[in-house]
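Architecture and fold: a report
Residue strings, one per chain:
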Amino acid sequence: MPTDRVAWSRIVLLVLNNAFVGGMVGIERTVLPLMAEADFGVASTVAATAFIVTFGLTKALMNLAAGSLADRHGRRPLLLLGWLYAIPVPLILMWAPSWAWVLLANVLLGMNQALTWSMTVVMKVDLAPRSLWGRVIGWNEFAGYAGMSATAAGTGVIASTYGLRPEPYYLGLGVAVAGLLLAIGVRETRPVPRARQGWTPVPRPPRLRTALGQGTYAHPGLSSASLCGLATNFKDGALWGLLPLLLATRALSLGGIGFVVALYPAIWAVTQLYFGPLSDRIGRRVLIVAGMGVQACGVSLFAWGGSWASAVAGATFSGLGTGMVYPTLLAFVSEQTDARGRASALGVYRLWRDSGYAFGALTAGVLADLLGIRAALVGVTAVLLLASVTFRQRVDAA
């Protein structure tokens, strides 16, 4: 743990804030895919998952901008701006007269998630020594996905009692207001790594174009991490859109669907508390390679199982594998860069990782419409295994 009590208290505040960041995404995980057809008559899987595509593309592009802006102008202003984007989201979802309004809400949600979640990660890395990056990032990701799981389950329960809207989104409005109020108490962290490393006039961070090239193709470690992050969220975008629809075909109640949908990010959240610190001790590579394979096993169980037990097992393995790689990849990317350009490097990684939401939802939607949900999930399994093999080969060869 950080030895500086001030740093420790600031890290705790950021962890708590990220729980509310994750809670904003959770308000959609159970209810919105079901709302598409019930409230708006959207029958096509591609059209129904369009909100995830909109969310993923917005978040990915904003991640890229956020990293560069944070290196130049500081972290706290972007954190606060992100929370301001969150306030209208539940209000729009409550009263949206058409599916186009839902897509608009997801543009705002993508901006909210990119700015707030990116800044909580970067600020913790600013505050903690390198030997604890896996630990503090694990805490951050645990809080975010625990918040997601809680609101996914909560909205499922509320919807089963009161209907798909507006009542489930009252919870979202409370989460947005609470997150903004907590963020007001967060202090800027950008000077911290400079003071620790003894820098005098501040060197310029790398150009955005340079950081983008490094994280996309030029640097073996950074580009391989980007591919694994993309594949992980490719899987998540597919499950986000397809899992409630798949479980509905198995005659589960709204409460039962909400349980399985919430179990996956809950396990994802809790296991990061273990795997983040473990990566500090045993290294990042082994957890990344293994975690991609475990995710593939989880998706396969959803694809080929037909029982309640197989759905629970699929959620368990999917969450476990994601927990192995999520904080580990962030710490791995942080290790490949110095403090001047770390936010930019993380922004590029998060660009590709979160573009996976869009690619996964769109690809899975097309495959589900053409070949069925099972075929779509088999395709997701193949993407995860390919990313695992590529990461191992490129990092070993570097």
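As the structure is a prediction and not an experimental result, all values here were calculated from the model.

Brief notes about the overall build of the chain
On a plain count of helices and strands, the chain comes out with 17 helices and 0 strands. Relative to the globule expectation of 21 Å for 398 residues, the C-alpha radius of gyration of the chain, 20 Å, shows essentially globular dimensions. A principal-axis box enclosing the C-alpha atoms of the chain has dimensions of 60 × 45 × 35 Å. Counting all 398 residues of the chain, 59% fall into the buried class. Looking at the chain as shown, the accessible area adds up to about 14,100 Å², and 68% of this sits on carbon and sulfur atoms. If you average the places of the 30 positive and of the 16 negative side-chain charges in the chain, the two averages end up 8 Å apart.

As for the state of the cysteines
Applying the stated criterion across every chain yields a total of 0 disulfides. Not part of a disulfide, cysteine 228 finds its nearest cysteine sulfur in cysteine 297, a span of 15 Å. For cysteine 228, a relative accessible area of 0% puts it in the buried group. Its relative accessible area of 43% is what places cysteine 297 among the partly exposed residues.

Some thoughts on the nonpolar core
Soluble globular proteins tend to pack their nonpolar side chains together in the buried interior. Counting 122 residues, the largest nonpolar core has Met24, Trp99, Phe302 and Leu377 as its most contacted members. Ranked by residues supplied to this core, first place goes to helix α7 (residues 99-127) with 15 residues. Discounting residues that sit within four places of it in the chain, tryptophan 99 has contacts with Leu32, Ala36, Phe40, Val42, Ala47, Ala48, Ala50 and Phe51. Ala60, Leu64, Val348 and Leu351 belong to the second-largest nonpolar core, a separate cluster that totals 5 residues.

Details of a nonpolar patch on the surface
There is a patch of nonpolar side chains on the surface, built from Leu362, Val366, Leu370 and Leu371 and spanning about 390 Å² of accessible area. Examined against the element boundaries, valine 366 turns out to sit in helix α16 (residues 342-371).

Examining unusual backbone geometry
Omega for the peptide link from arginine 165 to proline 166 comes to 10°, which places this bond in the cis form. Positionally, proline 166 belongs in the loop between α8 (133-162) and α9 (167-184).

Things to note about the environment of alanine 143
Tracing the sequence through the fold places alanine 143 in helix α8. Between the C-alpha atoms of alanine 143 and alanine 19, which are 124 residues apart in sequence, the distance is 4.4 Å. Those residues within four positions of alanine 143 in sequence are excluded, and the remaining contacts are Val15, Asn18 and Ala19.

So, the packing of aromatic side chains
If you walk through the whole model with that rule in mind, you get 15 aromatic pairs. Here the aromatic rings of phenylalanine 51 and tryptophan 240 are separated by 5.8 Å at their centres, their planes lie at 80°, and the arrangement is edge-to-face. In this pair, phenylalanine 51 sits in helix α4 (residues 50-73) while tryptophan 240 sits in helix α12 (residues 220-249), placing the two residues 189 residues apart along the sequence. Under the relative-accessibility criterion, tryptophan 240 is labelled buried at 1%. The aromatic ring of tryptophan 268 is capped on one face by lysine 235, whose charged end is 5.4 Å from the ring centroid.

Section: helix α15 (residues 308-335)
Here α15 is 28 residues long and its end C-alpha atoms lie 41 Å apart, about the 40 Å a rise of 1.5 Å per residue gives. Counting buried residues in α15 gives 20 out of 28 residues, a clear majority hidden from the surface.

Observations regarding the packing of α4 against α16
Two numbers describe how α4 lies on α16: the axes approach to 7 Å, and their chain directions differ by 175°. Classed by the angle they form, the pair α4 and α16 counts as roughly antiparallel.

Digging into the packing of helix α5 (residues 76-86) against α7
Look at α5 against α7: their axes get within 8 Å of each other, and the N-to-C directions meet at 150°. As judged from the angle between their axes, α5 and α7 are roughly antiparallel. Taken as a pair, α5 and α7 cross one another with a handedness that is left-handed. Contacts from Arg76, Leu78, Leu79, Leu81, Gly82, Trp83, Tyr85 and Ala86 in α5 reach Leu108, Met111, Asn112, Leu115, Thr116, Met119, Thr120 and Met123 in α7. Here the contact of α5 with α7 is built from residues that sort into 11 nonpolar, 4 polar and 1 charged.

A closer look at the pattern of salt bridges
Opposite charge on two side chains permits them to pair, given that their charged atoms come into close proximity. Applying the stated criterion to the full structure yields 9 salt bridges. Note that aspartate 126 and arginine 75 form a salt bridge whose closest N and O atoms lie 2.8 Å from each other. Here arginine 75 lies in the loop between α4 and α5 and aspartate 126 lies in helix α7, a separation of 51 residues in the sequence. Assessed through its relative accessible area of 2%, arginine 75 is described here as buried. Where salt bridges share partners, they join Lys59, Arg353 and Asp354 into one cluster.

Criteria and cut-off values
Residues numbered from 1 in each chain as written. Predicted model: local features only at pLDDT ≥ 70, side-chain atom pairs only at ≥ 80, totals over all residues. Heavy atoms only, no water. Helix = DSSP H or I, 4+ residues; strand = E, 2+ residues; numbered from the N terminus. Rg over C-alpha atoms; globule rule 2.2 N^0.38 Å. Buried < 20%, exposed > 50% of the residue type's maximum accessible area, 1.4 Å probe, protein only. Areas by Shrake-Rupley, 256 points an atom, 1.4 Å probe, with all protein chains shown as cover. Lys, Arg positive; Asp, Glu negative; His and termini not counted. Charge placed at Lys NZ, Arg CZ, Asp CG, Glu CD. Disulfide = S-S within 2.5 Å. Core = buried A, V, L, I, M, F, W, Y, C linked by side-chain atoms within 4.5 Å. Contact = heavy atoms within 4.5 Å. Patch = residues over 30% accessible without salt bridge, like charges linked within 9 Å, V, L, I, M, F, W, Y side chains within 5 Å. Salt bridge = Lys/Arg side-chain N within 4 Å of Asp/Glu carboxyl O. Phe/Tyr/Trp six-rings, centres within 6.5 Å; stacked < 30°, edge-to-face > 60°. Lys NZ or Arg CZ within 6 Å of the ring centre and 35° of its normal. Expected span 1.5 Å × (residues − 1). Axes fitted to C-alpha atoms, helices over the stretch in contact; angles between N-to-C directions. Parallel < 35°, antiparallel > 145°, perpendicular 65-115°, else oblique. Left-handed = near helix turned anticlockwise from the far one by under 90°. Nonpolar A, V, L, I, M, F, W, Y, C, P; charged D, E, K, R; others polar.

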